[in-house]
Amino acid sequence: MEKGLFKKIVLSLAGLLVGLVIAVYLSAQLNPEAEAAAAFGGKNISVDGVPDDVVQAALKTYVPPGQLDEYYMFASGGHSGNVFVYGVPSMRRIRTIPVFTPESAVGYGWTTESKEMLGEWSWGDVHHPALSETKGDYDGRWLFVNDNANSRAARIDLDSFRTSQILDIPNIYGPHSAVFMTPNSEYFMLGSRFAGPIPYGTYSPIENLSKDYNCVLAAVAIDPNNGEMSVGWEVLMPPWSFDLSDAGKLDSEGWAFLTTYNTEEAYELLEVNASQREMDYVVALNWKMLEQAANEGKYKIVDGVKMIDPLDVPGSVYLVPAMKSPHGVDVTPDGKYFIANGKVAPVATVFSFEKFKECIDNKDFQGEERGFPVVNYEKVRVAEVPVGLGPLHTQFDGNGYAYTTLFIDSTIAKWSLDTFEVVDVTPVHYCPGHLCAAEGDTVSPDGKYLVSLNKLAKDKFLSVGPSHPESAQLIDLTTDKMKILMDVPTDPEPHFAQMIKADKITTWEVFEKDPSQPGAVYEKENARIERDGNNVTVYQMGFRSRYYPDHVEVNEGDHVTWYLTNTDFDEDITHGFGICLYDLNAEAQPGETIKFEFVADKAGVYPFYCTNFCSALHQEMQGWFIVKPKGL
Ligand code: RUQ
Ligand code: CUA
């Protein structure tokens, strides 16, 4: 073919393609309904025998190969001790991040660093993830989670999606009411679920609960430069159970709100005895005032922590009556209202922050309990929204609507923050606890998507026996009526989740080369084994598809320190490292140097191998660990 003619054909084909793309794009702009269909050449797909809404739901959740999800969702893994990462809207689970429990898939719990972080504990119970915030918006830097079992908090760095710090928090039994972030990540806070004598290990008989037991609110300070957590100060509270919590924002910035149950101070058969009172409380704390008290030295030291008695700081704590054992409390995006979810009362109670402040200014109190003023309920409450049975948690869409889960009804109610009327209800399957809206805890939620985190799945998936997985349902918020798009199984236990715009997170491609790092070896000439008495240090490097050195001999009883550097500076090329019959397993991500230590207490020959399939010759990435018996 003539050169000129060929060029002409290519050019006109290219022109045609550009035109087609523009046409599809414009039609999607003009008709948002067709947006999803645009990916299929602008056609409105309808499939014989498949209802149109099913086809549309499929189009809205289908992320074609080569495209990526719009949001990350970080979900609590409950007593698995993990955090699960989902892509939304596809709802594909992308990652499991081990936090409080060893995870052999990534060698978490075997390396020196992760072992030290986990300490003496073998499990944890993650309830409420909280993303770091700047000016009330998620900033994509860190994710923090609580451990309801062993009184800890952890930080996950979102550049590596790895747990990088675990902090023990003294004096707080079951920090369930946690973690919630202040709008500029100054602190995240945790409130105790269980009353107990403090510090840990103190004895007092249960009959003394009212006298000797306490709950605590802990404020964990976050270093703005690196996310490093440290316990800032704690506040001594009555022996009530704190349940959930939220931080004030915008109008209510500087305040923290926590629900309580068991203001009855019962210590047996709580199911009955903690439900005697008609009203419990939302406890409102002025954290800025408490922070100042801590700075001014108004505290005692309890188990190494500054413990503030709020009765020494008048005006720092108020009680807001709320209907019978409320569960969640949620602050609206504008910070003007805080909403208590009734749990055993069929209403979501809306409180006005402005009226709350007026009550304080006018000393409009209806009483006092344990020295704390109780604000006038009638004045502060602006609405009791009849959402349905078993209201647990509320999220927002940024368009003036709130969404409340109803555990007993197995529904989600959508209601107006203007008229306080329910405008829509959708069934969910089954028994929703939390729900998670896109950017739902920020000052500017995105709407778009809502995920219902359900406690029961029953008949939703292929049966796996008497116990089934939990379930998450993706709900479309772009239409007037909520529309369920898809169901996915989740592992126990879907407590809370947060959903962040994907482009707010930037991850590393590889670990940076850092020769100053202890144990790092980047040239095979430097790979070596050193001995100092009974201490053997291995400086090993691994790359596709070999280890240097690939046989390591030690003496029985030696203390072995082993460094492994992955010198493949190539995204996603991870090398594993497992020693057969030695219960040892780790991984080094691209560019990373890891360290593990053990005592070579078994003589014999033990092969080691790469556990991550890294190349065509991955099978050959192996070697031998040889332990010479004592006295040989
Ligand atoms: S709680 S289902 Cu552990 Cu978050 Cu309300
Ligand atoms: Cu390295 Cu497989």
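- An unreviewed UniProt entry lists the protein under the name Nitrous-oxide reductase, with bioreactor metagenome given as the organism.
- As recorded by UniProt, the Subcellular location (unreviewed entry) comment attached to the protein reads in full: "Periplasm".

### Looking at the overall build of the protein
- Of the regular secondary structure elements, the protein holds nine helices and 42 strands.
- Over its C-alpha trace the protein gives a radius of gyration of 28 Å, about what one expects of a compact globule, namely 26 Å for 632 residues.
- Counting only C-alpha atoms and orienting by the principal axes, one finds that the protein spans roughly 80 × 80 × 50 Å.
- Across the 632 residues of the protein, 55% fall into the buried class.

### Structural notes on the side chain of Glu133
- Structurally, the position occupied by Glu133 is in strand 4 (residues 130-134).
- There is no salt bridge for the buried Glu133, and the closest opposite charge comes from Lys249, which lies 6.2 Å off by N-O distance.
- Setting aside its immediate chain neighbours within four residues, Glu133 contacts Tyr138, Asp139, Met181, Thr182, Pro183, Asn184, Ser185 and Asp441.

### Things to note about the site of ligand 1
- The environment of ligand 1 is made up of His127, His128, His176, Leu244, His327, His393, Gly433, His434, Lys455 and His495.
- Grouping the constituent residues of the shell around ligand 1 by class yields one nonpolar, eight polar and one charged.

### Considering the pattern of salt bridges
- In total, this model carries 29 salt bridges according to the counting rule given.
- Among the salt bridges present, the one from Lys298 reaches Glu296, with a minimum N-O distance of 3.4 Å.
- You can call Lys298 partly exposed: its relative accessible area is 39%.
- Where Arg531 meets Asp558, a salt bridge forms, and the shortest distance between an N and an O atom there is 2.6 Å. With Arg531 in strand 33 (residues 528-532) and Asp558 in the loop between strand 36 (551-555) and strand 37 (559-566), this residue pair connects regions lying 27 residues apart in the sequence.
- Through salt bridges with shared partners, a single ionic network connects Arg155, Asp157 and Glu228.

### Looking at a nonpolar patch on the surface
- Together, Val47, Val50 and Val54 make up a nonpolar patch on the protein surface, roughly 200 Å² of accessible area in all.
- Here Val50 shows up in the loop between helix 2 (35-38) and helix 3 (52-61).
- On the basis of relative accessibility, which here comes to 34%, the residue Val50 falls in the partly exposed class.

### Some points on unusual backbone geometry
- Cis geometry is adopted by the peptide bond preceding Pro89, which originates at Val88 and carries an omega value of 20°.
- Its place among the elements puts Pro89 in the loop between strand 2 (82-88) and strand 3 (92-98).
- Residues Pro492 and Glu493 are joined by a peptide bond in cis, for which omega reads 5°.
- Within the secondary structure, Glu493 sits in the loop between strand 31 (483-490) and strand 32 (497-501).
- The phi dihedral of Ser325 is positive, around 45°, even though this residue is not glycine.
- On the secondary structure map, Ser325 appears in the loop between strand 17 (317-323) and strand 18 (329-331).

### Some details on the packing of aromatic side chains
- Tallied over the entire structure, the rule returns 39 aromatic pairs.
- Seen from their ring centres, Phe338 and Phe351 are 5.2 Å apart, and the 25° between their planes marks the pair as stacked. In this pair, Phe338 sits in strand 19 (residues 337-341) while Phe351 sits in strand 20 (residues 348-352), placing the two residues 13 residues apart along the sequence. Pair check on accessibility: Phe338 and Phe351 agree, each one buried.
- Counting every residue linked through ring pairs, the aromatic cluster contains Trp255, Phe257, Tyr318, Phe338, Phe351, Phe353, Phe356, Phe365 and Tyr377.
- One residue, Lys414, lies across the ring of Tyr401, its end atom 4.5 Å from the ring centre.
- Across from the ring centre of Tyr582, 4.9 Å away, lies the NZ or CZ of Lys602, which sits over that ring.

About the criteria used
Residues numbered from 1 in each chain as written. Chains lettered and ligands numbered in written order. Predicted model: local features only at pLDDT ≥ 70, side-chain atom pairs only at ≥ 80, totals over all residues. Heavy atoms only, no water. UniProt positions renumbered as here; feature names shortened; annotations may be inferred. Helix = DSSP H or I, 4+ residues; strand = E, 2+ residues; numbered from the N terminus. Rg over C-alpha atoms; globule rule 2.2 N^0.38 Å. Buried < 20%, exposed > 50% of the residue type's maximum accessible area, 1.4 Å probe, protein only. Lys, Arg positive; Asp, Glu negative; His and termini not counted. Salt bridge = Lys/Arg side-chain N within 4 Å of Asp/Glu carboxyl O. Contact = heavy atoms within 4.5 Å. Near = heavy atom within 4 Å. Nonpolar A, V, L, I, M, F, W, Y, C, P; charged D, E, K, R; others polar. Patch = residues over 30% accessible without salt bridge, like charges linked within 9 Å, V, L, I, M, F, W, Y side chains within 5 Å. Areas by Shrake-Rupley, 256 points an atom, 1.4 Å probe, with all protein chains shown as cover. Phe/Tyr/Trp six-rings, centres within 6.5 Å; stacked < 30°, edge-to-face > 60°. Lys NZ or Arg CZ within 6 Å of the ring centre and 35° of its normal.

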